[in-house]
Amino acid sequence: MGYFVFFFLLYDFKALAMAEQQANHDIEIVGMGVQSTTPIKASPDRVWAAMLDKMYHTEKYLPVSNVKITDEIPDKGFHREMTFHGKVLRENIYLDKSRFEVRCDVIDEDVVHMNVYHPDTGLLEYWEENKNGERVSWRAPKNVVLAAMEKTKQFAEADE
């Protein structure tokens, strides 16, 4: 009897582990970066305004809450705190309009999220890098990042 129960429990754990692995496998991650799928049909200034809106009002673009902006230096950057899946995420945000680049340095982690607009192609590109500037694999769900890009595109094109 004991052997049967042990075998049954072992089988259940293996089945559970396989189901969890399959569920995780089905979620495509960003990896080394992702570009938007269609060009933004708006002026570079409108795209920049949309990128800033995403930084200041992140809850409209991503599943976050309690977004707080402090220590703002106009046109240069600010400190942002927000809640993401129950965890408070603290970042220093750096803005570079001349390069259409937003850099989000996660405080106390070797993580930087880059949001860049390429005016030559009209596409957005997001990736994760370490604080040495080396791209690393970003384990964020690709569909969530692409949805945020689409909302940024919609914001930029709204007034054009």
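Residues numbered from 1 in each chain as written. Predicted model: local features only at pLDDT ≥ 70, side-chain atom pairs only at ≥ 80, totals over all residues. Heavy atoms only, no water.

Draft legend 1. Inspection of the overall build of the protein at higher detail. Within the protein one finds three helices and ten strands. The buried share of the protein, taken over its 160 residues, is 36%. Sequence separation of at least 24 residues holds for 46% of the intrachain contacts in the protein that already meet a minimum separation of 6. Carbon together with sulfur atoms contributes 57% to the accessible area of the protein, which is approximately 9900 Å² in total. (Helix = DSSP H or I, 4+ residues; strand = E, 2+ residues; numbered from the N terminus. Buried < 20%, exposed > 50% of the residue type's maximum accessible area, 1.4 Å probe, protein only. Contact = heavy atoms within 4.5 Å. Areas by Shrake-Rupley, 256 points an atom, 1.4 Å probe, with all protein chains shown as cover.)

Draft legend 2. Structural detail: the layout of surface pockets. The space that makes up the largest pocket amounts to roughly 630 Å³. Surrounding the largest pocket, 28 residues form its lining, F84, L89, H113, W138 and A140 being those nearest its centre. Counted by class, the lining of the largest pocket contains 17 nonpolar, four polar and seven charged residues. (1 Å grid on protein atoms, 1.4 Å probe; cavity = no way out; pocket = protein on both sides within 12 Å on 5 of 7 lines; lining within 4 Å. Points joined across faces, edges and corners; volume = space filled by probe spheres on them. Nonpolar A, V, L, I, M, F, W, Y, C, P; charged D, E, K, R; others polar.)

Draft legend 3. Main features of the pattern of salt bridges. This model, assessed by the stated rule, comprises eleven salt bridges. A salt bridge links R99 to E101; its shortest N-O distance comes to 3.6 Å. In this structure R99 comes out as exposed when scored by relative accessible area, which is 53%. One network of salt bridges, in which partners are shared, links R103, D105 and E129. (Salt bridge = Lys/Arg side-chain N within 4 Å of Asp/Glu carboxyl O.)

Draft legend 4. Highlighting the packing of aromatic side chains. Counted by the stated rule, this structure contains three aromatic pairs. Each ring, one from W48 and one from F100, has its centre 6.3 Å from the other, and the planes form 75 degrees; the classification is edge-to-face. In this pair, W48 sits in helix α2 (residues 44-56) while F100 sits in the loop between β5 (87-96) and β6 (101-106), placing the two residues 52 residues apart along the sequence. By relative accessible area, F100 is classed as buried at 14%. Seen in terms of ring centroids, Y56 and F78 are 4.5 Å apart; in terms of plane orientation they differ by 35 degrees. Their pairing is tilted. Note that Y56 is positioned in helix α2 and F78 in strand β4 (residues 77-84), a separation of 22 residues in sequence. Looking at F78, the relative accessible area reads 3%, which means it is buried. (Phe/Tyr/Trp six-rings, centres within 6.5 Å; stacked < 30°, edge-to-face > 60°.)

Draft legend 5. Region of the structure containing the nonpolar core. The biggest cluster of nonpolar side chains holds 23 residues, and the ones touching the most others in it are V47, V102, L124 and V145. With five residues, α2 is the largest single contributor of residues to this core. Setting aside residues up to four positions removed in sequence, V47 forms contacts with I40, A42, Y117, L124 and A156. M82, L89, V106 and V111 belong to the second largest nonpolar core, which has five residues in total. (Core = buried A, V, L, I, M, F, W, Y, C linked by side-chain atoms within 4.5 Å.)

Draft legend 6. Structural detail: the confidence of the model for the protein. Per-residue confidence for the protein averages 87 on the pLDDT scale, and 83% of its residues sit at or above 70. When mean pLDDT is compared element by element in the protein, strand β8 (residues 123-129) scores highest at 98, while helix α1 (residues 2-26) scores lowest at 44. Counting interchain partners and residues more than four positions distant, the pLDDT-below-50 stretch residues 1-21 has zero contacts. (pLDDT = per-residue confidence, 0-100.)

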